[in-house]
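Okay, here's what each chain looks like letter by letter:
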Amino acid sequence: MEFSELIRTGRAEALLLPGPGQSTVRGTLCITSHHLLLSAGHGSPSDLWLLLHNVDAVEKRVAGNSGTITLKCKDLQVLQLEIEGLGETLDIASSIEALSSLESVTTSYPFFFRPQSLRLGDAEDLYPPDHFYQQVALETDAWRLSTVNRDFQVCASYPPALVVPRGIGDEVLARSAHFRQGGRFPVLSYYHSTNGTVMLRSSQPLQGANRRRCAEDEELLRAALALGGQRGLVLDTRSAQAVKQARITGGGTEAKAAYPGWKRLHRPLERGRPLQDSFVRLVEACTDPSLSMDRWLSRLDGCRWLTHVKEALTTACLVAQGMDREGVCFLVHGAEGTDATLLVTSLAQLILDPKCRTMHGFQSLLEREWIQAGHPFQQRCAHSAYAQGRPKHEAPTFLLFLDCVWQLSRQFPLSLEFGEGMLLALFEHAYASPFGTFLCNSEKERYLCEVKTKTHSLWSSLNQSKERQRFCNPIYSPNPLALWPSVEPQSLQLWAGKVSFPVPLPALSIGSALTGFLPTPNSRPFPPMDSST
Amino acid sequence: MEHIRTPKVENVRLMDRTSSKKPVLGTLYLTATHVIFVENEPETRKETWILHSEISSIEKQATTAGGCPLLIRCKNFQVLHLVVPQERDCQDVYISLLRLARPVKYEELFCFSFNPKLDKEEREQGWRLVDLREEYKRMGIPNSCWHLSDVNRDYRVCDSYPTDVYVPRSATAHIIVGSSKFRSRRRFPALSYYCKDTNASICRSSQPLSGFSARCLEDEQMLQAIRRANPGSDFMYVVDTRPKLNAMANRAAGKGYENEDNYANIKFQFIGIENIHVMRSSLQKMLEVCELRSPSMSDFLWGLENSGWLRHIKAILDAGVFIAKAVAEEGTSVLVHCSDGWDRTAQVCSVASLLLDPHYRTLKGFMVLIEKDWISFGHKFNHRYGHLDGDPKEISPVIDQFLECVWQLMEQFPCAFEFNERFLVHIQHHIYSCQFGTFLCNNQKERQELRIPERTHSLWAHLWKNRADYLNPLFRADHSQAQGTLRPPTSPCNFMYKFWSGMYNRFEKGMQPRQSVTDYLMAVKEETQQLEEELQVLEERLEKIHKIPLSHMPGKRDSKHSGLSALTTPTVVNTPQDSGGHLKPLPSRSPSQGDDDSALILTQENLKSSDPDLSTNSDQESGVEDLSCRSPSGGECLPSEDSGKDPDPDEAVFLTA
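Residues numbered from 1 in each chain as written. Chains lettered and ligands numbered in written order. Predicted model: local features only at pLDDT ≥ 70, side-chain atom pairs only at ≥ 80, totals over all residues. Heavy atoms only, no water.

*Asks:* Help me understand the confidence of the model for chain B, please; the structure alone is not making it clear to me.
*Replies:* Predicted coordinates in regions of low pLDDT should not be interpreted in detail. Residues and elements named next belong to chain B. Residues of chain B with pLDDT of at least 70 account for 82%, and the chain-wide mean is 83. Long-range and interchain partners of residues 555–610, a stretch whose pLDDT sits below 50, account for 90 contacts in this model, where long-range means more than four residues apart. Confidence metrics for the complex model read pTM 0.87 and ipTM 0.89. (pLDDT = per-residue confidence, 0-100. Contact = heavy atoms within 4.5 Å.)

Here is the structure:
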């Protein structure tokens, strides 16, 4: 088997140096196909199990007859291992490097992970493709479930079932898809039941330099507007300048004349490379021991991360306010419609819809607006903040979303059913996980890899009562109203829970403090990833 | 009063600085003690009360078509932006306030007219609530090495020290007096905190008058006496909290710092906290940032860094951590001083004590701490906080910085403190309000001369009476954070220092978290307690009924079964609530809205401004229920400066453009 070829030394004596939240472990180090195991003896509680896929960067240093390996993980924890033997150190380092950078999905750990408490296919019925449609259908019959994409022919990054205006036939959808980048034609993202306004999302129209039009695309948006209200707003997550440039390469945005009733608004949000750089710089700044307080805030500003948080929340609030207060329908898109677009649509729903703020509703939102909507998790989360070398498609858009949710939870600490622990766990699982939930880039890829039948779902694990309690917000009390956050700089904070891994913190999380206050058997704030192995 | 040129101006508009909300129309009143703005809105008649002593500056801006803008900035960081229709009225208000906000005699201050209707006995009891002799006893003093000295009886040695000073037994009056002559303003080394476990102590003084070469045998003996009072350690630290450059500059003026060669077995250390002038301008710069209208993230972060405020806060905390470590871990005594030993020294000694001793992290202990290190040791409250009109260069947010240090620690150790953020905010408010006599004057001697305890009320008693409002529900005495020394992490931890919007932007309610975990948990706690009491009553009754011989039960004989059913029936009948409710660990809370605010308005008028309330705005739009009515006893609700509910559902504050 190919794994064994990559393991040059499977075993060595090693010492894990104490770090924040870790105690010293001395024992035998073992490299398996997917894990690094450091065990002090039989079933010692301090045993270290590290998923190799979690390793973002490996640094080795040798001196005399021993060496030190520093493992910088995607979840931002840093482990230091002292290993006996020069050869062993080098061999183990290169084994970890090789195993952690494997790209094949079907040989990844989720395809081997078989916890006893779960059955494969458990989550099949948890969030079925028509789940969202059933909810909308309770409110209105103006929309229908289309299966035009059942074999991923129309759009490779969309799921098989999509919600569209009832009067629009599948052939119209197929034509519209031709006019949109990657085939992502406008679909219903959220139905605001208070006043019947709707939020759609798509990718950019392929307008090009000669301003092409597409009658079916126009018909689709006209029909959507007729169902949702009189006024529509296209929220383009790029600047007007960026749209102009996109037009040269065949992209563009909706021309006002072609879409009567729809107006346009540009709200540039950062994406891609600059966002990844921002994340890298933030982690650097937070872990820089030489940085003095004099320069900390300007360095923090230089990272731009909080600016991105502010922009994302502001844009989501704008959409939410427009729908709720002004009765405006929205179409949200940028270029591909798989990053900033999803950030905005999912945050706006969290602001407006109390159902999204429950444990179940939040999972459903993530499943629908991120996973099935085709956010390319595999590409975006291939590396985290420590990796050396040129990033390709990495971008922490999902982390930015989680950060925004955390800001909401800080301003409305009683209104979300899940706690900070849940957000941290999602961050970890998006980057490296024993579950198949965040594997691949789209439903099509997941289908081809048989992810749903051959891996376990994170959701079914989270919904086991023991886990569920751990991630719940013990002081949740349902709030039927919209959550309007303040986006003033004074109101936004650095999410320390996210960056605190590399440094010791006595107690930052109110969540862990609450443990003792309320009768929840909520013991460990940061669970190891695959405790069941 | 003679200074009020116009007692009432109608049709004044109150502008909202942060959101684009419409200004509210109302009437402005000037009274002998307050500025009051009453909104015209007939349903709410919302009132804003501001004490004259709270006003830090008044600015009259150029008249526009809409009227004459008047900006009133308060020391508790409230900013009132009024527009007066007539220029003449505005001028009158402006001139009146200029005078009213700058009293020249102590007797003009509100505390001399404030009457909470307590009888004499109650008032005296209030003043006895915090007892420093008790406190030193708690530390284990007097003991074989330390005692209470009467050397400063009638303030004979040092007029800014208390009469009760604790010094090493081996330090004779001769040594103390000699040492005092060698120290600025005769503030000789005296005990601030004694650690029973290690015998190490924290002493405080002012700078020595060492100049370039002067020595003083008694001062050297004094330090030796302090070192010897801790037999476990063969040296002691002398911590100069000033930047080295400042201390050196003082030498030219015949002051300076201890020369390690002259004092046996001391280790000398500079810490580098800036002086009051730097701190004053730092706060000014930070407040300018807070006042920016919809700043970008960069504007805010750059402005905050430029102010240097968080850097200063960290410097003070770092100094406290250094001393706490020396005392707790190394078991070494420390002498702390700055120049006069009443600003930075007070900050650093109190932070160190707070880190070392869990008692100071309790409600009562914190009052004692402020009484000990600030009030009794002669921190110049009158000068620093501008109670009476005086030199503006003397004003500086020294104790504000201490309160912020405590808040930063509370953020890092949420279970360590018995009190909550509101406690700190209310203390800050009353340091400036002059509603209570506690913070009056510059030292004990002045307070005694003015007979403050006989003529005014104590803040501590007031806070203690309302302590239910100030409790941190997360505090548990058995929690690890509530025991032993607090050890804040050292670098890299810059990101743990946060901007305290709950203080500096506290009147911008839109910026604050819309739901309060503290209030919610307190309500839950109280409800749980009530249910438990009820449960106990019922259990006792059940027991009583069990004791009644079954033959005595009316209509029931012999049968065990029927006896039981008879027991349950009356129980259920007499319980107003569903009996199943006792079993719920978390009783479901019913959102209580609307009526709560009216209860708040009905409080005694003379208490109007005694507590700057934090949580009375119910925010219906965001579904934030108002928890301020949680006290079942009713009447004792917090009076509020802006009680009354906001009829206007909060607009989405993010739309700034």
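On we go from here.
*Asks:* Got a minute to help me understand the packing of helix α3 (residues 132–139) of chain B against helix α11 (residues 363–376) of chain B in this structure?
*Replies:* Any two packed helices are characterised by the angle at which their axes cross and by the distance between the axes. Residues and elements named next belong to chain B. Look at α3 against α11: their axes get within 10 Å of each other, and the N-to-C directions meet at 110°. Overall, the two elements α3 and α11 adopt an arrangement that is roughly perpendicular. Two packed elements cross with a definite hand, and for α3 against α11 that hand is left-handed. Every residue of α11 that contacts α3 at Leu132, Glu135, Tyr136 and Met139 is listed here: Val368, Glu371, Lys372 and Ser376. Here the residues of the contact of α3 with α11 sort into four nonpolar, one polar and three charged. (Axes fitted to C-alpha atoms, helices over the stretch in contact; angles between N-to-C directions. Helix = DSSP H or I, 4+ residues; strand = E, 2+ residues; numbered from the N terminus. Parallel < 35°, antiparallel > 145°, perpendicular 65-115°, else oblique. Left-handed = near helix turned anticlockwise from the far one by under 90°. Nonpolar A, V, L, I, M, F, W, Y, C, P; charged D, E, K, R; others polar.)

*Asks:* Please explain the sheet that holds strand β3 (residues 35–39) of chain A as it appears in this structure.
*Replies:* Consider a sheet: its strands pair through backbone hydrogen bonds, and that pairing is either parallel or antiparallel. Residues and elements named next belong to chain A. Taken in spatial order, the seven strands of this open sheet run β4-β3-β2-β1-β7-β6-β5, and their pairing is antiparallel. Edge strands, defined here as strands with exactly one partner in the open sheet, are β4 (48–51) and β5 (55–63). Each adjacent strand pair in this sheet contributes to an overall mean axis angle of 30°, direction not counted. Direction of pairing for strand β1 (residues 11–16) relative to strand β7 (residues 78–84): antiparallel, over a ladder of three bridges. The partner of Leu15 across the bridge, within β7, is Glu82. Sitting on the sheet, helix α2 (residues 86–100) touches β1, β2 (25–31), β3, β5, β6 (66–73) and β7, and the angle it makes with β5 is about 170°. (Pairing = 2+ DSSP bridges.)

*Asks:* In this structure, what is going on with the sheet that holds strand β12 (residues 232–236) of chain A? I would like to understand it.
*Replies:* Residues and elements named next belong to chain A. As summarised here, the arrangement of the five strands in space is β10-β11-β14-β12-β13, forming an open sheet in which the pairing is mixed. The open sheet is flanked by β10 (187–192) and β13 (262–266), the only strands paired with a single partner. Neighbour-to-neighbour, the strand axes of this sheet turn through a mean angle of 20°, independent of strand direction. Bridge count for strand β11 (residues 197–201) against strand β14 (residues 329–333) is three bridges, and the pairing is parallel. Of the residues in β14, the one forming a bridge with Arg201 is Val332.

*Asks:* Help me understand the pattern of salt bridges in this model?
*Replies:* Side chains carrying opposite charge are able to pair once their charged atoms draw close together. Tallied over the entire structure, the rule returns 51 salt bridges over all chains. We note a salt bridge from Glu59(A) to Lys72(A), for which the minimum N-O separation is 3.3 Å. Taken as a pair, Glu59(A) in strand β5 and Lys72(A) in strand β6 lie far apart in primary sequence, 13 residues in all. Here Glu291(B) ties to Arg73(B) by a salt bridge, and the two come within 2.7 Å at their closest N and O atoms. Remark: Arg73(B) occurs in strand β6 (residues 68–74) and Glu291(B) occurs in helix α7 (residues 276–291); sequence separation between them is 218 residues. (Salt bridge = Lys/Arg side-chain N within 4 Å of Asp/Glu carboxyl O.)

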